[in-house]
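Below, each chain spelled out in residue letters.
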Amino acid sequence: MEHIFLLPLSRVAICGGTHGNEMSGIYMIREMQRRQVEKSSCVSITTVLSNPPSVDACRRYIDRDLNRCFTDDLLSAPITDSTPYELRRAQELNAQLGPKGSKEAVDLLVDIHNTTANLGLCLIFYCFDWVTLHIYKYIQSKMTSVPVRVIQLDIPLAEAYSLESVAKHGFAMEVGPQPTGVLRADLFNMVKEALDLTIEWVQKFNSGNIFEGGEVETYCLTKSIDYPRDPTTGELTAAIHPELQDNDFKVLRPGDPIFQSFSGETVKHEGEELYPFFVNESAYYEKNIAFHLARKITISVPSLSVKKE
Ligand SMILES: [Zn+2]
(Lines give C-alpha, C1' and ligand atoms only; values in the text may rest on other atoms or scores of the structure.)
Protein backbone atom coordinates (compact mmCIF):
# COMPACT_ATOMS: atom_id res chain seq x y z
CA MET A 1 0.00 0.00 0.00
CA GLU A 2 0.96 3.61 -0.58
CA HIS A 3 3.12 5.51 1.91
CA ILE A 4 2.81 9.25 2.54
CA PHE A 5 5.47 11.59 3.92
CA LEU A 6 4.33 14.86 5.50
CA LEU A 7 6.18 17.78 7.09
CA PRO A 8 6.45 17.84 10.90
CA LEU A 9 3.55 19.28 12.89
CA SER A 10 5.39 21.73 15.08
CA ARG A 11 2.59 24.22 15.86
CA VAL A 12 -0.63 22.98 17.36
CA ALA A 13 -3.63 25.10 18.43
CA ILE A 14 -6.25 23.82 20.88
CA CYS A 15 -9.43 25.92 20.91
CA GLY A 16 -12.56 25.94 23.04
CA GLY A 17 -15.47 28.29 23.60
CA THR A 18 -16.09 28.76 19.89
CA HIS A 19 -19.64 28.25 21.11
CA GLY A 20 -19.93 30.08 24.42
CA ASN A 21 -22.25 27.60 26.14
CA GLU A 22 -20.30 24.39 25.38
CA MET A 23 -18.53 23.93 28.67
CA SER A 24 -16.02 21.08 28.15
CA GLY A 25 -13.80 23.10 25.80
CA ILE A 26 -14.11 26.31 27.82
CA TYR A 27 -12.93 24.65 31.04
CA MET A 28 -10.30 22.58 29.23
CA ILE A 29 -8.75 25.73 27.75
CA ARG A 30 -8.87 27.53 31.10
CA GLU A 31 -7.23 24.53 32.77
CA MET A 32 -4.50 24.31 30.12
CA GLN A 33 -3.85 28.06 30.48
CA ARG A 34 -3.70 27.72 34.27
CA ARG A 35 -1.15 24.91 33.93
CA GLN A 36 0.64 27.00 31.27
CA VAL A 37 0.70 24.16 28.76
CA GLU A 38 2.59 25.86 25.96
CA LYS A 39 5.07 23.28 24.90
CA SER A 40 5.13 19.53 24.93
CA SER A 41 8.41 18.02 23.75
CA CYS A 42 8.96 19.33 20.20
CA VAL A 43 5.43 20.70 19.78
CA SER A 44 4.40 24.27 20.56
CA ILE A 45 0.83 24.49 21.80
CA THR A 46 -1.37 27.58 21.55
CA THR A 47 -4.58 27.56 23.58
CA VAL A 48 -7.40 29.85 22.48
CA LEU A 49 -10.75 30.77 23.98
CA SER A 50 -12.39 31.55 20.67
CA ASN A 51 -15.43 33.65 21.59
CA PRO A 52 -14.89 35.29 25.04
CA PRO A 53 -18.01 37.55 25.07
CA SER A 54 -20.26 34.59 24.29
CA VAL A 55 -18.50 32.54 26.99
CA ASP A 56 -19.16 35.37 29.49
CA ALA A 57 -22.81 35.42 28.44
CA CYS A 58 -22.99 31.56 28.34
CA ARG A 59 -24.60 31.80 24.93
CA ARG A 60 -23.73 30.01 21.70
CA TYR A 61 -22.88 33.35 20.09
CA ILE A 62 -23.47 37.09 20.39
CA ASP A 63 -24.52 38.17 16.84
CA ARG A 64 -24.13 35.05 14.69
CA ASP A 65 -22.64 31.56 14.82
CA LEU A 66 -18.84 32.01 14.89
CA ASN A 67 -18.34 28.48 13.62
CA ARG A 68 -20.01 29.41 10.32
CA CYS A 69 -17.79 32.44 9.68
CA PHE A 70 -14.60 30.91 8.26
CA THR A 71 -15.45 30.69 4.55
CA ASP A 72 -13.06 32.50 2.19
CA ASP A 73 -15.78 35.05 1.38
CA LEU A 74 -16.52 35.95 5.00
CA LEU A 75 -12.84 36.02 5.98
CA SER A 76 -12.14 38.57 3.24
CA ALA A 77 -15.30 40.67 3.73
CA PRO A 78 -14.60 44.34 4.60
CA ILE A 79 -15.13 45.23 8.25
CA THR A 80 -17.45 48.17 8.98
CA ASP A 81 -19.12 49.54 12.10
CA SER A 82 -22.11 47.31 11.46
CA THR A 83 -20.10 44.09 11.04
CA PRO A 84 -21.38 41.43 13.48
CA TYR A 85 -18.99 40.65 16.34
CA GLU A 86 -18.32 37.07 15.26
CA LEU A 87 -17.28 38.11 11.73
CA ARG A 88 -14.67 40.44 13.21
CA ARG A 89 -13.55 37.74 15.64
CA ALA A 90 -13.27 35.18 12.81
CA GLN A 91 -10.90 37.49 10.95
CA GLU A 92 -8.83 38.00 14.12
CA LEU A 93 -8.60 34.23 14.67
CA ASN A 94 -7.68 33.73 11.03
CA ALA A 95 -4.86 36.26 11.41
CA GLN A 96 -3.67 34.54 14.60
CA LEU A 97 -3.99 30.88 13.59
CA GLY A 98 -4.09 31.01 9.76
CA PRO A 99 -4.26 32.64 7.39
CA LYS A 100 -6.40 29.90 5.94
CA GLY A 101 -4.68 28.08 3.10
CA SER A 102 -1.27 29.69 3.75
CA LYS A 103 2.02 28.16 4.80
CA GLU A 104 2.00 30.39 7.92
CA ALA A 105 -1.11 28.62 9.25
CA VAL A 106 -0.78 26.42 12.35
CA ASP A 107 -0.08 22.79 11.48
CA LEU A 108 -2.92 21.27 13.48
CA LEU A 109 -6.01 22.82 15.07
CA VAL A 110 -8.35 20.97 17.41
CA ASP A 111 -11.59 22.81 18.25
CA ILE A 112 -13.51 21.35 21.21
CA HIS A 113 -17.31 21.27 21.04
CA ASN A 114 -20.19 19.76 22.95
CA THR A 115 -23.46 18.50 21.63
CA THR A 116 -26.73 17.71 23.36
CA ALA A 117 -26.94 14.64 21.09
CA ASN A 118 -25.71 11.21 22.16
CA LEU A 119 -22.63 11.29 19.93
CA GLY A 120 -19.96 9.92 22.24
CA LEU A 121 -16.66 11.21 20.86
CA CYS A 122 -16.60 12.31 17.22
CA LEU A 123 -13.91 13.93 15.14
CA ILE A 124 -15.40 16.05 12.36
CA PHE A 125 -13.27 17.10 9.42
CA TYR A 126 -13.37 18.23 5.81
CA CYS A 127 -12.49 16.07 2.79
CA PHE A 128 -9.63 13.62 3.10
CA ASP A 129 -7.02 14.51 5.66
CA TRP A 130 -4.58 11.69 6.37
CA VAL A 131 -3.36 13.37 9.56
CA THR A 132 -6.85 13.56 11.03
CA LEU A 133 -7.65 10.00 9.94
CA HIS A 134 -4.45 8.70 11.56
CA ILE A 135 -5.11 10.64 14.78
CA TYR A 136 -8.62 9.16 14.74
CA LYS A 137 -7.23 5.63 14.27
CA TYR A 138 -4.83 6.22 17.14
CA ILE A 139 -7.48 7.60 19.53
CA GLN A 140 -9.90 4.83 18.62
CA SER A 141 -7.30 2.13 19.31
CA LYS A 142 -6.51 3.58 22.76
CA MET A 143 -9.92 4.74 24.03
CA THR A 144 -11.97 1.62 24.44
CA SER A 145 -14.48 2.84 27.02
CA VAL A 146 -16.32 5.15 24.63
CA PRO A 147 -17.44 4.97 20.99
CA VAL A 148 -15.05 7.03 18.87
CA ARG A 149 -16.17 7.92 15.35
CA VAL A 150 -15.26 10.22 12.53
CA ILE A 151 -17.62 12.38 10.46
CA GLN A 152 -16.55 13.67 7.11
CA LEU A 153 -17.98 16.80 5.45
CA ASP A 154 -17.47 16.91 1.71
CA ILE A 155 -17.02 20.66 1.39
CA PRO A 156 -14.20 22.37 -0.54
CA LEU A 157 -11.74 24.31 1.61
CA ALA A 158 -12.89 27.75 0.34
CA GLU A 159 -16.43 27.02 1.56
CA ALA A 160 -15.36 25.25 4.75
CA TYR A 161 -17.02 27.36 7.41
CA SER A 162 -15.63 26.25 10.75
CA LEU A 163 -12.62 27.33 12.77
CA GLU A 164 -10.42 24.26 12.21
CA SER A 165 -10.40 25.02 8.46
CA VAL A 166 -7.89 27.88 8.97
CA ALA A 167 -5.17 25.36 9.93
CA LYS A 168 -3.21 23.04 7.64
CA HIS A 169 -4.87 20.08 9.33
CA GLY A 170 -7.69 20.22 11.80
CA PHE A 171 -10.79 18.73 13.24
CA ALA A 172 -13.62 19.54 15.57
CA MET A 173 -13.73 17.29 18.61
CA GLU A 174 -17.45 16.90 19.28
CA VAL A 175 -18.43 15.33 22.60
CA GLY A 176 -21.88 14.53 23.98
CA PRO A 177 -24.45 14.27 25.31
CA GLN A 178 -24.09 17.35 27.50
CA PRO A 179 -26.70 20.08 27.95
CA THR A 180 -25.51 23.60 27.07
CA GLY A 181 -24.22 25.51 30.10
CA VAL A 182 -23.54 22.25 31.96
CA LEU A 183 -20.21 20.59 32.71
CA ARG A 184 -20.01 16.80 33.11
CA ALA A 185 -16.84 15.25 34.52
CA ASP A 186 -17.15 12.08 32.44
CA LEU A 187 -17.17 14.11 29.21
CA PHE A 188 -14.43 16.43 30.46
CA ASN A 189 -12.25 13.35 31.08
CA MET A 190 -13.09 12.07 27.60
CA VAL A 191 -11.91 15.35 26.05
CA LYS A 192 -8.76 15.31 28.18
CA GLU A 193 -7.87 11.76 27.19
CA ALA A 194 -8.50 12.42 23.48
CA LEU A 195 -6.42 15.63 23.57
CA ASP A 196 -3.54 13.90 25.37
CA LEU A 197 -3.63 11.11 22.76
CA THR A 198 -3.66 13.70 19.96
CA ILE A 199 -0.54 15.43 21.35
CA GLU A 200 1.10 12.04 21.93
CA TRP A 201 0.41 11.10 18.29
CA VAL A 202 1.93 14.39 17.05
CA GLN A 203 5.06 13.84 19.17
CA LYS A 204 5.47 10.29 17.85
CA PHE A 205 4.89 11.47 14.30
CA ASN A 206 7.46 14.27 14.61
CA SER A 207 10.04 11.92 16.08
CA GLY A 208 9.88 9.57 13.10
CA ASN A 209 7.34 6.92 14.08
CA ILE A 210 5.84 5.11 11.09
CA PHE A 211 2.05 4.81 11.38
CA GLU A 212 0.69 1.79 9.58
CA GLY A 213 -2.17 2.28 7.14
CA GLY A 214 -5.39 0.32 7.09
CA GLU A 215 -9.09 0.57 6.60
CA VAL A 216 -11.04 3.23 8.45
CA GLU A 217 -14.80 3.59 8.70
CA THR A 218 -16.14 7.12 8.35
CA TYR A 219 -19.58 8.68 8.31
CA CYS A 220 -20.06 10.98 5.34
CA LEU A 221 -22.77 13.65 5.76
CA THR A 222 -25.43 13.06 3.12
CA LYS A 223 -28.37 15.27 4.08
CA SER A 224 -30.13 17.08 6.90
CA ILE A 225 -33.73 16.52 7.99
CA ASP A 226 -35.92 19.28 9.46
CA TYR A 227 -38.75 18.79 11.94
CA PRO A 228 -42.27 18.54 10.60
CA ARG A 229 -43.64 22.08 10.83
CA ASP A 230 -46.91 23.91 10.45
CA PRO A 231 -46.68 25.37 6.93
CA THR A 232 -48.14 28.73 7.92
CA THR A 233 -46.59 29.41 11.34
CA GLY A 234 -43.39 27.35 10.95
CA GLU A 235 -43.93 25.91 14.42
CA LEU A 236 -43.00 22.28 15.13
CA THR A 237 -45.79 19.74 14.84
CA ALA A 238 -43.70 16.78 16.02
CA ALA A 239 -40.69 15.85 18.14
CA ILE A 240 -37.94 13.29 17.58
CA HIS A 241 -39.48 9.83 17.99
CA PRO A 242 -38.52 8.04 21.24
CA GLU A 243 -37.05 5.18 19.19
CA LEU A 244 -34.68 7.58 17.43
CA GLN A 245 -33.81 9.73 20.46
CA ASP A 246 -30.28 8.93 21.77
CA ASN A 247 -29.74 6.45 18.94
CA ASP A 248 -27.18 8.42 16.96
CA PHE A 249 -25.29 6.20 14.50
CA LYS A 250 -27.84 3.37 14.73
CA VAL A 251 -28.81 2.56 11.15
CA LEU A 252 -32.18 3.96 9.98
CA ARG A 253 -34.02 1.63 7.64
CA PRO A 254 -37.03 2.59 5.50
CA GLY A 255 -40.09 2.51 7.74
CA ASP A 256 -38.20 3.16 10.98
CA PRO A 257 -39.87 5.87 13.11
CA ILE A 258 -38.20 9.30 13.13
CA PHE A 259 -40.81 11.75 14.49
CA GLN A 260 -43.82 11.56 16.74
CA SER A 261 -46.44 14.23 16.12
CA PHE A 262 -48.13 15.93 19.06
CA SER A 263 -51.36 14.21 18.03
CA GLY A 264 -49.58 10.84 18.36
CA GLU A 265 -48.82 9.90 14.75
CA THR A 266 -45.52 8.39 13.72
CA VAL A 267 -43.48 9.78 10.84
CA LYS A 268 -41.27 7.15 9.22
CA HIS A 269 -37.92 7.23 7.48
CA GLU A 270 -38.14 6.93 3.71
CA GLY A 271 -35.48 6.03 1.20
CA GLU A 272 -32.14 4.30 1.64
CA GLU A 273 -30.48 3.02 4.80
CA LEU A 274 -28.55 5.84 6.43
CA TYR A 275 -27.01 6.67 9.81
CA PRO A 276 -28.50 9.51 11.90
CA PHE A 277 -26.32 11.82 13.98
CA PHE A 278 -26.73 15.10 15.89
CA VAL A 279 -30.19 13.79 16.76
CA ASN A 280 -32.11 16.53 18.61
CA GLU A 281 -29.09 18.86 18.92
CA SER A 282 -30.46 21.91 20.74
CA ALA A 283 -28.51 24.47 18.69
CA TYR A 284 -29.88 23.13 15.41
CA TYR A 285 -33.54 23.99 16.01
CA GLU A 286 -32.80 27.50 14.68
CA LYS A 287 -30.98 25.96 11.71
CA ASN A 288 -34.03 23.83 10.80
CA ILE A 289 -32.17 20.60 11.43
CA ALA A 290 -33.66 17.78 13.51
CA PHE A 291 -30.80 15.43 12.63
CA HIS A 292 -28.22 14.74 9.97
CA LEU A 293 -27.97 11.56 7.92
CA ALA A 294 -24.73 9.94 6.87
CA ARG A 295 -23.55 7.16 4.64
CA LYS A 296 -21.00 4.83 6.20
CA ILE A 297 -17.95 4.46 4.00
CA THR A 298 -14.65 2.64 4.33
CA ILE A 299 -11.48 4.51 3.43
CA SER A 300 -8.10 2.92 2.80
CA VAL A 301 -5.64 5.04 4.73
CA PRO A 302 -2.00 4.96 3.57
CA SER A 303 0.85 4.52 6.04
CA LEU A 304 2.30 7.81 7.20
CA SER A 305 5.56 9.20 8.50
CA VAL A 306 7.38 12.52 8.80
CA LYS A 307 9.33 14.05 5.93
CA LYS A 308 12.66 15.29 7.25
CA GLU A 309 13.26 18.86 6.05
ZN1 LIG B 1 -20.15 23.77 19.14
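Note that the structure is a prediction, hence the values are computed from the model and not measured. (Residues numbered from 1 in each chain as written. Predicted model: local features only at pLDDT ≥ 70, side-chain atom pairs only at ≥ 80, totals over all residues.)

(A) Representation of the overall build of the protein in the model. A count of helical and extended segments in the protein gives 6 helices and 15 strands. Rg of the C-alpha trace for the protein: 20 Å, near the compact-globule value of 19 Å for 309 residues, within the 12% margin. Over its C-alpha atoms, taken along the principal directions, the protein stretches across nearly 65 × 55 × 35 Å. Looking at the 309 residues of the protein, the share that counts as buried comes to 41%. Contacts in the protein between residues far apart in sequence, at least 24 positions, make up 73% of those at least 6 positions apart. (Helix = DSSP H or I, 4+ residues; strand = E, 2+ residues; numbered from the N terminus. Rg over C-alpha atoms; globule rule 2.2 N^0.38 Å. Buried ≥ 20, exposed ≤ 12 C-beta atoms within 10 Å, placed from the backbone. Contact = placed C-beta atoms within 7 Å.)

(B) The arrangement of the sheet that holds strand E11 (residues 257–261) in detail. Spatially, E10-E11-E12 is the arrangement adopted by the 3 strands of the open sheet, whose pairing is antiparallel. Each edge of the sheet is formed by a strand with only one pairing partner; in this case those strands are strand E10 (238–240) and strand E12 (266–268). Looking at each pair of strands side by side, their axes are set apart by 35 degrees on average, direction ignored. (Pairing = 2+ DSSP bridges. Axes fitted to C-alpha atoms, helices over the stretch in contact; angles between N-to-C directions.)

(C) Fine view of the UniProt feature "binding site: Zn(2+)" (unreviewed entry) in the protein. UniProt annotation of "binding site: Zn(2+)" (unreviewed entry) refers to His19, Glu22 and His113 when read in the numbering used here. Considering the C-alpha atoms alone, the annotated residues occupy 95 residues of sequence yet fold into one spot, their largest mutual distance being 7.4 Å. With respect to the helices and strands, the residue Glu22 is situated in the loop between strand E2 (11–16) and helix H1 (23–34). A count of 28 C-beta atoms within 10 Å places Glu22 in the buried class. Setting aside its immediate chain neighbours within four residues, Glu22 contacts His113, Asn114 and Thr180. (UniProt positions renumbered as here; feature names shortened; annotations may be inferred.)

(D) Just the packing of H1 against helix H6 (residues 185–206), in detail. At a minimum axis separation of 10 Å, H1 and H6 run at an interaxial angle of 60 degrees. In terms of axis orientation, H1 runs oblique to H6. Crossing of H1 over H6 shows right-handed handedness. Across the interface between the two elements, Ser24, Tyr27 and Met28 of H1 pack against Leu187, Phe188, Val191 and Lys192 of H6. Of the residues contributing to the contact of H1 with H6, the split by class is 5 nonpolar, 1 polar and 1 charged. (Parallel < 35°, antiparallel > 145°, perpendicular 65-115°, else oblique. Left-handed = near helix turned anticlockwise from the far one by under 90°. Nonpolar A, V, L, I, M, F, W, Y, C, P; charged D, E, K, R; others polar.)

(E) The arrangement of unusual backbone geometry in detail. The amide bond that connects Gly98 to the next residue, Pro99, takes the cis arrangement and shows omega of -10 degrees. As for its placement among the helices and strands, Pro99 is situated in the loop between helix H4 (85–97) and strand E5 (108–114). Residue Pro177 follows Gly176 across a cis peptide bond; omega there is 15 degrees. Secondary-structure assignment places Pro177 in the loop between strand E8 (169–176) and H6. Despite not being glycine, Asp246 shows a phi value in the positive range, around 70 degrees.

(F) Seen up close, the nonpolar core. Grouped together as the largest cluster of nonpolar side chains are 77 residues, with contacts concentrated most on Ala13, Leu108, Leu109, Met173, Val191 and Phe277. With 8 residues, the top contributor of residues to this core is H6. (Core = buried A, V, L, I, M, F, W, Y, C linked by C-beta atoms within 7 Å.)

(G) Structural view of the sheet that holds strand E3 (residues 39–40). Pairing is mixed in the open sheet, where 10 strands are placed in the order E3-E4-E2-E5-E8-E6-E7-E9-E14-E13. Each edge of the open sheet carries a strand with a single partner, namely E3 and strand E13 (275–277). Of the strand pairs in this sheet, E2 and E5 are connected by 4 bridges, and their pairing is parallel. Looking at E5, one finds that Val12 is bridged to Leu108.

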